[in-house]
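Structural features, examined
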Amino acid sequence: MPDRIFYLNELPRLLNRPFRLRSISWMPDHLSRNRNSILNLLHICCSFHPGPGVGRSVINGVLREFSGPQPVLSILPAGTRIDTIVARKHDELMFTVDPEYFEPLMNMIHPGPGRFQMTRHIDGILREIFAEMELIYLPGTADRMDGLFLRLLEEITLAIAGRTGMKKSRYPEIYEIASYLGAHYMENISLEEVCRNYSVSPRTFYRRWRECFQQSPAEFLLEKRIVCAEHLLSSTDLGIQTIAVKSGFGNPLYFSQCFRRLRGMTPSRYRSSLVDISRISILRATARPEIAIP
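The following refers to the structure shown. (Residues numbered from 1 in each chain as written. Predicted model: local features only at pLDDT ≥ 70, side-chain atom pairs only at ≥ 80, totals over all residues. Heavy atoms only, no water.)

**Overview of the pairing of strand β8 (residues 81-86)**
Note that strand β3 (residues 37-38) and β8 share two bridges and pair antiparallel. Bridge pairing in β8 places I38 opposite R81. In this structure, strand β5 (residues 55-59) lies alongside β8, joined through four bridges in antiparallel fashion. Its bridge partner lying in β8, I59 is registered against I82. (Pairing = 2+ DSSP bridges. Helix = DSSP H or I, 4+ residues; strand = E, 2+ residues; numbered from the N terminus.)

**Remarks on the state of the cysteines**
With the rule as written, the count across this model stands at zero disulfides. Sulfur of C46: no disulfide; nearest cysteine sulfur belongs to C45 and is 7.7 Å away. Note on C46: relative accessible area 1%, which makes it buried. (Disulfide = S-S within 2.5 Å. Buried < 20%, exposed > 50% of the residue type's maximum accessible area, 1.4 Å probe, protein only.)

**What about the sheet that holds β3?**
Pairing in this open sheet of four strands is antiparallel, and the strands run β3-β8-β5-β6 from one edge to the other. Only two strands of the sheet have a single partner each, and these edge strands are β3 and β6 (62-66).

**Examining the nonpolar core**
Grouped together as the largest cluster of nonpolar side chains are 35 residues, with contacts concentrated most on I44, L73, L93, I129 and L152. Among the secondary structure elements, those contributing two or more residues to this core are β2 (23-30), β4 (42-48), β7 (72-76), β9 (90-97), α2 (120-133) and α3 (141-164). Ranked by residue count, the leading element in this core is α3, at nine residues. In terms of nonpolar packing, the next biggest core, distinct from the first, is built from 31 residues, A178, I243, A244 and F255 among them. (Core = buried A, V, L, I, M, F, W, Y, C linked by side-chain atoms within 4.5 Å.)

**Looking at the sheet that holds β2**
Spatial ordering of the open sheet is given by β1-β2-β9-β4-β7-β10, a layout of six strands whose pairing is antiparallel. The open sheet has two free edges, formed respectively by β1 (4-7) and β10 (114-115), since each of these has just one partner strand. In the sheet, β2 pairs with β9 via six bridges, with the strands oriented antiparallel. From the neighbouring strand, I24 faces β9, where its bridge partner is F95.

**As for the side chain of H43**
Within the secondary structure, H43 sits in strand β4. Only 2.9 Å separates the side chain of H43 from the backbone oxygen of L41, close enough to count as a polar contact. (Polar contact = N/O pair within 3.5 Å; in protein donor to acceptor, adjacent residues only side chain to side chain.)

**A short note on the packing of helix α7 (residues 217-235) against helix α9 (residues 252-263)**
Close contact between α7 and α9 brings their axes to 11 Å; oriented N to C, the two are set at 95 degrees. The pairing of α7 with α9 is recorded here as roughly perpendicular in orientation. Facing L222, E223, I226, V227, A229, E230 and L233 of α7, the residues of α9 in contact are F255, C258, F259, R261, L262 and R263. Looking at the contact of α7 with α9, its residues break down into nine nonpolar, no polar and four charged. (Axes fitted to C-alpha atoms, helices over the stretch in contact; angles between N-to-C directions. Parallel < 35°, antiparallel > 145°, perpendicular 65-115°, else oblique. Contact = heavy atoms within 4.5 Å. Nonpolar A, V, L, I, M, F, W, Y, C, P; charged D, E, K, R; others polar.)

Dropping the structure here:
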């Protein structure tokens, strides 16, 4: 996509939102060359795919260096003075808003601007933004851009928080894969195919998984399937073969073997034990209390 800039303040809004973007720009292979420039609007810059080398700029009299392969979120308030010393090529998505929004946005962004890892959520919002650029003059598009900007800022903030604070988010792709497995455990899942879909090699996946979870991926899937089977055994009258299929085992013999190994009894015995417990509870609840004879 070539360079694009859209002045959204010139477009009508259909929603009465308190927040509105002034402009949005997409600049691939961008080389920023500011010569003692002073910003008159609040700038929110997302830098992607940085080139080699180290970028250097003097921002409000302080030398800042930019290096590394990760994307960066920058917040530059109105009045910021920038002087580029060494430009570094990168793709830049830039938003401008009125200066009075600086404090509300900074309160929203915690722990603050910085480097972040790409996630499927960020990638999805970027795709939506680029799609809306093709429809920029349609009524409602400027409103959607306002909302997409805030969603993007939220997701980048979560990615920054994960990078700087939470061990849990050290490998976000592993937790995304775990979420996928947790939602699709009843299907015939190929972990090799899942690794390809998430652009991670099986060797890296298994190594990182061990750092995030005590269970192996197979044990994780098995436990999800067993819990599902327990629910179906206790809440339905479905046959064992049907439950095996619905809980992701497929083969009823394999299902029975796994269930017995993890729960200490066969699925049929588990269901019978629930019936026995239910009968005892009913008898206790309906039993007449003994009358003490003085």
